[in-house]
Amino acid sequence: MKITKVETFLVGLPHRNFLFVKVQTDEGIDGIGEAYSCGPDDATVAVIRDFESWLVGRDPRDVEALWHLMYAGSRFPGGAILNAAISGIEHALWDIAGKALGTPVYRLLGGKVRERIRVYQAPRGATSEALAEDAVALVERYGYTALKISPQPPGFEKLAWSALVREAVARMEAVRRAVGEDVDIGVDPHARIFEPARALEMAEALQPYRPLFFEEPLRPENVDALAYVRARSPIPIATGEMLYTKFQFRELLEKRAADVVQPDVCVAGGILECKKIAAMAEAHYVTVAPHNPMGPVATAVNVHLAASTPNFLVLEYTADDQPPRRDLRVEPLRVKDGYIDVLDRPGLGVELDEAAFEHYPPVRWHRPFPIQPDGSMGFY
Ligand code: MG
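Here is what the cut-offs are and how they apply
- Residues numbered from 1 in each chain as written.
- Predicted model: local features only at pLDDT ≥ 70, side-chain atom pairs only at ≥ 80, totals over all residues.
- Heavy atoms only, no water.
- Salt bridge = Lys/Arg side-chain N within 4 Å of Asp/Glu carboxyl O.
- Helix = DSSP H or I, 4+ residues; strand = E, 2+ residues; numbered from the N terminus.
- Buried < 20%, exposed > 50% of the residue type's maximum accessible area, 1.4 Å probe, protein only.
- Pairing = 2+ DSSP bridges.
- Donors = N, O, S within 2.8 Å, 3.2 Å for Na, K, Ca; no water.
- Phe/Tyr/Trp six-rings, centres within 6.5 Å; stacked < 30°, edge-to-face > 60°.
- Lys NZ or Arg CZ within 6 Å of the ring centre and 35° of its normal.
- Axes fitted to C-alpha atoms, helices over the stretch in contact; angles between N-to-C directions.
- Parallel < 35°, antiparallel > 145°, perpendicular 65-115°, else oblique.
- Left-handed = near helix turned anticlockwise from the far one by under 90°.
- Contact = heavy atoms within 4.5 Å.
- Nonpolar A, V, L, I, M, F, W, Y, C, P; charged D, E, K, R; others polar.
- Core = buried A, V, L, I, M, F, W, Y, C linked by side-chain atoms within 4.5 Å.
- Domains from an automatic or database assignment.
- Patch = residues over 30% accessible without salt bridge, like charges linked within 9 Å, V, L, I, M, F, W, Y side chains within 5 Å.
- Areas by Shrake-Rupley, 256 points an atom, 1.4 Å probe, with all protein chains shown as cover.
- Expected span 1.5 Å × (residues − 1).

**A word on the pattern of salt bridges**
Piece 1. On inspection of all chains with the given rule, the structure shows 21 salt bridges.
Piece 2. Its salt-bridge partner being Arg364, residue Asp42 comes within 3.2 Å of it at the nearest N-O pair. Note that Asp42 is positioned in helix 1 (residues 41-55) and Arg364 in the segment after strand 13 (339-341), a separation of 322 residues in sequence.
Piece 3. For Arg364, a relative accessible area of 77% translates into the label exposed.
Piece 4. Between Arg326 and Asp327 there is a salt bridge whose closest N-O contact spans 3.2 Å.
Piece 5. Beyond isolated ion pairs, a larger network of salt bridges with shared partners links Lys148, Asp188, Glu215 and Glu316.

**What about the sheet that holds strand 13?**
Piece 1. Read across the open sheet, the four strands follow the order 11-4-13-12; overall the sheet is mixed. Strands with a single pairing partner mark the edges of an open sheet, and in this sheet they are strand 11 (315-316) and strand 12 (335-336).
Piece 2. Where strand 4 (residues 116-120) lies against strand 13, three bridges are found, and the strand directions are antiparallel. Residue pairing across strands places Ile117 opposite Ile340, the latter belonging to strand 13.

**What about the coordination of the magnesium ion?**
Piece 1. For the magnesium ion, every protein donor is listed as Asp188 (OD), Glu215 (OE) and Glu241 (OE), and the spread of their distances is 2.0 to 2.3 Å.
Piece 2. Sequence spacing among the residues donating to the magnesium ion works out to D-x26-E-x25-E. Pair noted here: Glu215 is in strand 7 (residues 214-215) and Glu241 is in the loop between strand 8 (237-239) and helix 9 (245-254), with a separation of 26 residues, a long-range link. Neither Glu215 nor Glu241 differs from the other in exposure class; each is buried.

**Let's talk about the packing of aromatic side chains**
Piece 1. Here the structure, examined in full by the defined rule, presents eight aromatic pairs.
Piece 2. When the ring of Tyr120 is compared with that of Phe213, the centres are 6.3 Å apart and the planes differ by 65°; the resulting orientation is edge-to-face. Taken together, the residues Tyr120 in strand 4 and Phe213 in the loop between helix 7 (196-206) and strand 7 connect sequence positions 93 residues apart.
Piece 3. Through successive ring pairs, a cluster of aromatic residues spans Phe9, Phe18, Phe20 and Phe357.
Piece 4. Above the face of the Tyr339 ring, Arg116 is positioned so that its terminal group lies 3.8 Å from the ring centre.
Piece 5. The positively charged end of Arg198 is found above the aromatic ring belonging to Trp161, 5.2 Å away from the centroid.

**Considerations on the packing of helix 1 against helix 3 (residues 80-101)**
Piece 1. Relative orientation of the contacting elements helix 1 and helix 3 amounts to 55°, with a least axis distance of 9 Å. As summarised for this structure, helix 1 and helix 3 are arranged oblique, according to the angle between their axes. As helix 1 packs across helix 3, the resulting crossing turns out to be right-handed. Residue-level contacts link Ala43, Thr44, Val47, Ile48, Phe51 and Leu55 of helix 1 to Ile81, Leu82, Ala84, Ala85, Ile86 and Ile89 of helix 3.
Piece 2. Broken down by class, the residue content of the contact of helix 1 with helix 3 amounts to eleven nonpolar, one polar and no charged.

**Regarding the nonpolar core**
Piece 1. Among the nonpolar cores identified, the biggest contains 116 residues, and Phe20, Tyr144, Phe214 and Leu252 are the most heavily contacted of them.
Piece 2. Built from parts of two domains, this core gets at least three residues from each of domain 1 (3-106) and domain 2 (107-359).
Piece 3. Those residues in contact with Tyr144, other than ones at most four positions away along the chain, are Val119, Tyr120, Gln121, Leu138, Val139, Val183, Tyr317, Ala319, Val335 and Gly338.
Piece 4. Core analysis: the next-biggest nonpolar cluster, separate from the first, contains eight residues, Tyr120, Leu212, Ala238 and Val260 among them.

**Structural notes on the packing of helix 2 (residues 63-73) against helix 3**
Piece 1. Closest axis-to-axis distance for the helix 2/helix 3 pair is 10 Å, and the angle between their directions is 165°. The pairing of helix 2 with helix 3 is recorded here as roughly antiparallel in orientation. Considering only the axes of helix 2 and helix 3, their crossing is right-handed. Here Val63, Leu66, Trp67, Met70 and Tyr71 of helix 2 come into contact with helix 3, specifically with Asn83, Ile86, Ile89, Glu90, Leu93 and Trp94.
Piece 2. Partitioning the contact of helix 2 with helix 3 into residue classes produces nine nonpolar, one polar and one charged.

**Focus: the sheet that holds strand 3 (residues 31-35)**
Piece 1. One open sheet holds the three strands; their spatial order is 1-2-3, and the pairing between them is antiparallel. Both outer strands of the open sheet, strand 1 (3-12) and strand 3, are each paired with one neighbouring strand and no more. Within this sheet the neighbouring strands show an average axis-to-axis angle of 25°, counted without direction.
Piece 2. In this structure, strand 2 (residues 17-25) lies alongside strand 3, joined through five bridges in antiparallel fashion. The residue bridging Lys22 from the neighbouring strand is Ile32, located in strand 3.
Piece 3. Lying on the sheet, helix 3 is in contact with strand 1, strand 2 and strand 3; it crosses strand 3 at an angle near 155°.

**Describing a nonpolar patch on the surface**
Piece 1. Together, Phe369, Ile371 and Met377 give the surface a local cluster of nonpolar side chains, amounting to about 280 Å² of exposed area.
Piece 2. Take Met377: it is sitting in the segment after strand 13.

**Comments concerning helix 11 (residues 296-307)**
Piece 1. The end-to-end C-alpha separation of helix 11 is 17 Å, in line with the 16 Å expected for twelve residues at 1.5 Å each.
Piece 2. Taking burial as the measure, the twelve residues of helix 11 include twelve buried ones, the bulk of the element.
Piece 3. Those residues of helix 11 not exposed but buried are Pro296, Val297, Ala298, Thr299, Ala300, Val301, Asn302, Val303, His304, Leu305, Ala306 and Ala307.

Given below as C-alpha cells:
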C-alpha cells in the first residue's frame, strides 16, 4: 500500500479554525486526521503540503518510521506549527492502518482498558450565578460527572489582585454548591497568573472546594517555576496543552512539575507520541487528561487513546450537537451519563461530511489581547 495524496481542509469557527487532513492511498483506503489550530493556520497547511512530497510512495502503515521522517527530517526540533502538521498526518496513518486490517485503532494500541471514556465540558458565564447555571444545565443535559471552570471573570485584567481571588472563590463556590460534591471540577486560569507566589495563593484559596486539578497556573516556558508551585500547592497541578513530544514532557515529569499531564493529540505529535507520553507519566504516578478543544476527529483520536491508556483520568470535550460541530461529521458522537462509548468501527471510526465544509470558510484569528488600565497590551 502506498500514499498517493495528502489533502488539507480549513473549516472556520467564529473564533478559530479546524484543520482536517486526508491521506489517500493507491488501495482506495483514505485516512483522516486533525492538526491543531495554532494561530497562523495557513502555515500549518503549508507544512502539511510540503510533507506530502516526502510521504507519497511510502507505506502509510509504517507510522513510527514516517513520524521520524517528518520529525527528524525537518532537521531542527519543530515548534507548534511543525508538530501540529505531524500530528494531523499521523492520525490519518492510524486511520488507514485500522481500516486496512478491519479493526478499530485502539486494538492496535494494546486494546481496551475501559469500555467508555469519561468526558468533561467547560460551562461559561460572566458572573458566578451565570456560570453555576450553565454548569447545572450541562450536567442535566449530558450527565457530566466532571466540569472545568475558568476562575477569572471576563475583564479580570482590570481587577485588583485581592478582588480577583475573591471572584475566583465566588465562581468556584457557586459551581460547587450548584452541582454538589459528586461532580469533579477542574480549574483553568489559562496560564494567566504569571508569578508562582500568586498561583499558590489562588490554589490555597480554591482548596476548600476540592478542585480535581489546577490547570496551567503558569505559562509553559519555565518548568522550574511550575515545579516550585507544584511542590507547595495544596491541590493537584495539571499542565501540558502547550507542550509537544516526549522530549518536552520528559523535563516536566523529571522535575515533578505536574500531577496530571494534558497532551493534545493534535499538537503533541499524534497518537503514538501521546501513548509514549502517557507511559512516561505512568512511571511517575501521573495521570493523563488530554487537552481537547478541537474538532470531531480530535475527539475520536482521543477516545482511542483513552480506551487503551491505563492512567487516563478524563477527556476535555465540547458536545457536538450544535452547529458547526454538528454539521461536520456524518454521525455525531453521543455522550451518555457523562461518558462516550469506545468507537468500534474500523480505523478511527469517524467520518467527516466534506460537503458541509463550504458553509464554514476559514477565519484569520489571534488570541485577543485586552488593553490594560495603563494602556499596555497584556503581554501574556
Ligand atoms: Mg487549558
